[in-house]
Amino acid sequence: MLSRVMMVRLMGVALVLPLLTGCFRKQKPEATTLKPVDPRAWVDEHTLSNADSVLVRHLHLDIAVDMAHHQILGSALWTINNTHKQKELILDTYDLTIDSVQVDGHKVNYVLDSPIKYLGSALHIPISDNVQFVGVFYKTGTHARALQWLEPQQTHDKKYPFLFTQSESIYARSWIPCPDGPGIRFTYTARVQVPPGLMALMSADNDDVLNDTGIYRFNMNIPIPAYLMALAVGDIVFKGVDDRTGVYAERGMIDKARWEFENIGRMVGSAEQLYGPYRWGRYDVLVLPPGFPIGGMENPKLTFLTPTVIAGDRSLVSLVAHELAHSWSGNLVTNATWNDFWLNEGFTNYFERRIMEQMMGENYADMLWELGYQDLQNEVAAIGADNRDTWLKLSLKGRDPDDGLNSIPYEKGCHFLKMIERASGRDRFDKFLVKYFEHFAFKTITTETFLNYMDTVLLKNDTVLRKKLNIDEWVYGPGIPQNCPRAGQELFSKVDAERVKFLEGMPAEQLAFVRWSAHEWLHFLRGMPANLKPEQMRLLDNAFNLSNTGNSEVADEWYLLALKVGYTPAYGPMERFLSTVGRRKFLEPLYQQMMKTPDGAKMARLLYAKYRANYHPLAQESLDRMVMNIVQ
Ligand code: BES
Ligand code: ZN
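Since we're looking at a predicted model, the values are computed, not measured. (Residues numbered from 1 in each chain as written. Chains lettered and ligands numbered in written order. Predicted model: local features only at pLDDT ≥ 70, side-chain atom pairs only at ≥ 80, totals over all residues. Heavy atoms only, no water.)

K.L.:
Is there a simple way to think about helix 14 (residues 552-565) in this case?
P.N.:
Counting along an α-helix, one turn takes 3.6 residues, and residues three or four places apart therefore face a common direction. Under the 1.5 Å per step criterion, the end-to-end length of helix 14 is 20 Å for 14 residues, consistent within 8% with the ideal 20 Å. Burial runs high along helix 14: 13 of the 14 residues are buried. Where helix 14 begins, the capping side chain belongs to Asn551, and its oxygen is found 3.2 Å from the backbone nitrogen of Glu553. The positive-phi residue at the C-terminal boundary of helix 14 is Gly566, with phi of around 70 degrees. (Helix = DSSP H or I, 4+ residues; strand = E, 2+ residues; numbered from the N terminus. Expected span 1.5 Å × (residues − 1). Buried < 20%, exposed > 50% of the residue type's maximum accessible area, 1.4 Å probe, protein only. Polar contact = N/O pair within 3.5 Å; in protein donor to acceptor, adjacent residues only side chain to side chain.)

K.L.:
Would you explain the pattern of salt bridges in this entry?
P.N.:
When charged atoms on two side chains of opposite charge get close, those side chains can pair. Under the defined criterion, the tally for this structure stands at 37 salt bridges. Between Arg258 and Glu262 there is a salt bridge, with its nearest N and O atoms 2.8 Å apart. For Glu262, a relative accessible area of 35% gives the class partly exposed. A salt bridge links Glu411 to Arg353, with the shortest nitrogen-to-oxygen separation between them at 2.8 Å. With a gap of 58 residues between them, Glu411 in helix 6 (residues 407-424) and Arg353 in helix 4 (residues 341-360) connect regions that are remote in the sequence. No difference in accessibility class separates Glu411 from Arg353, as the two residues are buried. Connected through salt bridges with shared partners, the residues Asp92, Arg173 and Asp180 form a single ionic network. (Salt bridge = Lys/Arg side-chain N within 4 Å of Asp/Glu carboxyl O.)

K.L.:
What is the right way to look at the site of ligand 1 in this model?
P.N.:
As a matter of local geometry, ligand 1 sits amid 16 residues, with Glu168, Gly295, Glu298, Glu323 and Tyr410 nearest to it. Take Glu168: an N or O atom from its side chain is 2.7 Å from a nitrogen atom of ligand 1. Between a nitrogen atom of ligand 1 and a side-chain N or O atom of Glu298, the distance comes to 2.6 Å. In the complex, 86% of the free accessible area of ligand 1, which totals 520 Å², lies under the protein chains. (Near = heavy atom within 4 Å. Areas by Shrake-Rupley, 256 points an atom, 1.4 Å probe, with all protein chains shown as cover.)

K.L.:
Whenever I open this one, the side chain of Glu298 confuses me. Can you help?
P.N.:
Here Glu298 lies in the loop between strand 18 (296-297) and strand 19 (302-305). Here Glu298 occupies a buried position and makes no salt bridge, while the nearest side chain of opposite charge, Arg185, is found at 11 Å. Here Glu298 is in contact with Glu168, Tyr227, Leu228, Thr303, Glu323, His326, Asn331 and Glu345, once residues within four sequence places are set aside. (Lys, Arg positive; Asp, Glu negative; His and termini not counted. Contact = heavy atoms within 4.5 Å.)

K.L.:
It is not clear to me how the domain arrangement of the protein should be interpreted in this structure. Could you clarify?
P.N.:
By a widely used convention, the size of an interface equals the accessible area lost when the partners come together. Assigned domains within the protein: domain 1 (5-232), domain 2 (235-327), domain 3 (330-488) and domain 4 (509-627). Spacing between the C-alpha centres of domain 1 and domain 3 amounts to 31 Å. At the interface, 25 residues of domain 1 touch 29 residues of domain 3. Roughly 2,200 Å² is buried in total at the junction of domain 1 and domain 3, and carbon and sulfur atoms are behind 56% of that figure. Linking domain 1 with domain 3 are one salt bridge, by the criterion used here. Seen at the junction of domain 1 and domain 3, the total is nine residue pairs in polar contact (both at pLDDT 80 or more). (Domains from an automatic or database assignment. Buried area = accessible area lost by both parts, 1.4 Å probe.)

K.L.:
I would appreciate a short explanation of the state of the cysteines in the present structure.
P.N.:
What makes a disulfide is a covalent bond joining the sulfur atoms belonging to two cysteines. Summed over the entire model, instances satisfying the criterion amount to zero disulfides. We note that Cys414 lacks a disulfide partner, and the nearest cysteine sulfur, in Cys484, lies 8.7 Å from it. Accessibility expressed as a relative area gives 13% for Cys484, which makes it buried. (Disulfide = S-S within 2.5 Å.)

K.L.:
What is the right way to read the packing of aromatic side chains from this model?
P.N.:
Both the distance between ring centres and the angle between the ring planes are used here to describe each pair of aromatic rings. This structure, assessed with the given rule, holds 42 aromatic pairs. Each ring, one from Tyr350 and one from Phe429, has its centre 5.6 Å from the other, and the planes form 90 degrees; the classification is edge-to-face. Of the two residues, Tyr350 sits in helix 4 while Phe429 sits in helix 7 (residues 426-439), which places them 79 residues apart along the sequence. Its relative accessible area of 1% is what places Tyr350 among the buried residues. For the cation-ring pair, Arg353 lies above Trp369, with the distance from its terminal atom to the ring centre recorded as 5.0 Å. A cation sits over an aromatic face here: Arg388 above Trp391, 3.6 Å from the ring centre. (Phe/Tyr/Trp six-rings, centres within 6.5 Å; stacked < 30°, edge-to-face > 60°. Lys NZ or Arg CZ within 6 Å of the ring centre and 35° of its normal.)

K.L.:
Honestly, the sheet that holds strand 19 in this entry has me stumped. Any pointers?
P.N.:
With respect to topology, five strands assemble into an open sheet ordered 15-16-17-19-18, the strand pairing being mixed. In this open sheet, the two edge strands, each paired with only one partner strand, are strand 15 (236-240) and strand 18. In this sheet, strand 19 lies alongside strand 17 (residues 283-287) in parallel orientation, the contact comprising four bridges. Within strand 19, the position partnered with Asp284 by the bridge is Leu302. Those strands touched by helix 2 (residues 264-275) are strand 16 (245-250) and strand 17, and its axis lies near 135 degrees from that of strand 16. (Pairing = 2+ DSSP bridges. Axes fitted to C-alpha atoms, helices over the stretch in contact; angles between N-to-C directions.)

K.L.:
Looking at this structure, I do not really get the side chain of Ser622. What am I missing?
P.N.:
Among the secondary structure elements, Ser622 is positioned in helix 18 (residues 617-628). On the basis of relative accessibility, which here comes to 10%, the residue Ser622 falls in the buried class. The contacts of Ser622, once residues within four sequence positions are left out, are Arg584 and Glu588.

K.L.:
Explain the sheet that holds strand 14 (residues 231-234) to me, please; I cannot follow it from the model alone.
P.N.:
One key point about sheets: their strands pair by backbone hydrogen bonds, in either a parallel or an antiparallel sense. The antiparallel open sheet is built from four strands, whose spatial order is 9-10-14-12. Bordering the open sheet on either side are strand 9 (147-150) and strand 12 (199-202), each of which pairs with just one other strand. Each neighbouring strand pair of the sheet contributes to a mean axis angle of 10 degrees, computed without reference to strand direction. Note that strand 9 and strand 10 (residues 162-165) share four bridges and pair antiparallel. Its bridge partner being in strand 10, Leu150 is matched across the sheet by Phe162.

K.L.:
Would you mind going over the environment of Trp558 with me for this structure?
P.N.:
Looking at where Trp558 falls in the secondary structure, it is placed in helix 14. Between the alpha carbons of Trp558 and Met537 there is a distance of 9.2 Å; along the sequence they are 21 residues apart. When residues no more than four places from it in sequence are discounted, the contact partners of Trp558 are Leu525, Met537, Leu540, Asp541, Leu546, Ser547, Tyr567 and Ala570.

Here's what the structure looks like:
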């Protein structure tokens, strides 16, 4: 059986003339001030590339994936246009070995700078004025931050190896030499060779069936930024949902996955009703093995998802609504720099909840809003209400853009939009958003461009209203502004009442939990007092078997509470959870909680030593710091 997954033969790398489709135009960069005079100006501090002055139009990727040696090797052929007569093209790379570089088919001497922390090494390629093609022959390194190589036992089916990429925010450069900034868009085609018997998928038009040769071809004819480049390789099969949506998953997972995502076709329709046509053709989802470090990733045409969203009752599908919403906010209208990250995530969270409201009703969406508000409060409390990182407009210069990856851009961002929705009225706000997505489609914008557009189109330059809404305080100020909206508490107030009864001694079986959703359970658990006794945890566990819940969100909250109050019977199930699940949102709070006491820290180090290999390189980086005190 293993012969199907034997090492791939190194293939000859053919340069295929790419299609000259799509066009990229980048605005002139100028120094960013807080509110620039020219709202289109920006500087991206996280790319070393000069693709703002050399037009990079198209990428043809020709790569082989060596599953046995954990390496991608091949070539990236860039079609460029040197209209500004630059002397060189600079590409981002991270831990790549460059074998050779060709300009219009001729070998040239290039310079690979020494690496800069987080950013990697700039690759300098000399070019003439009328250059057309730049080809880079390369291999990935062992520290490729975008790649997670899984051994068969780390997959769901445990039979074949698996590879997936996670390029956001600046990791595309660790598997493709590219201009790696969200403000730079290009089309791509690809030829990918994998071991025969395995399937390859990309953020592009995909074959939905396995082929015998192991050679797959892809085409993405809509310009996208590098952070949306994606590849997955494994024993993956497909089941359609309707004529434009479907589900990919490991063979043994496909039926469960297909059931869970029964409604994604309707979901796309619902999103379109809100904010205009879905512009990407197909919308498919791919369920990854449990080591996937995040909940989901909005790779165009093909959302990548954690398997922990499969709860068996469709209770966590708001995550799909989120990734789908990125097809408008993020993939269509893209943040120009990672300092403007809230434009991607805040809009998407807002849009996600509007989709869920449309599909499940207002009370359901209010639960998502309230849990999000709690996340926002907790984040602000954790990092400090004055912290610069609590502004919507971030300042990530010289830092890892992942430093901005917390609840602020998501929750402060979407609450800001909800505040504006309430102030302007839902109808007007919705019409404004439809216009916004239309106006900036396939463009890259800064926070200031958005604010200017909103001033003109929605607020009609009413400076009194603008002041009343505290817009500057929201965007360029810390903490949670006073006029932060709060959702209705219809369902959660009932949960609060049950919690009070339980704490007053009512037997757990008598709680009115029967029809509770995962969200109600989360709220029930989050509201428990610090002095909760292990005995009370035991009563709940006996009644509801929470230690073995199949719902990953509830499990995570339950284990966190178990650690806080020292309820040891949950530790065994928690270890099973930590042994397979690689989602950082779950791992990091649990390990962090353990690190708070000496005994807990001992347990954390033991568990981490056992399961570190199962975690994604980026999760390893943060947990190395947290659990092992290793600073790189
Ligand atoms: N685009 C993000 C994931 C991301 C952001 C990866 C920045 C790397 C850097 C994705 O859309 C996302 O937000 N995922 C969330 C789920 C969501 C429901 C909040 C996640 O993974 O938890
Ligand atoms: Zn998102």
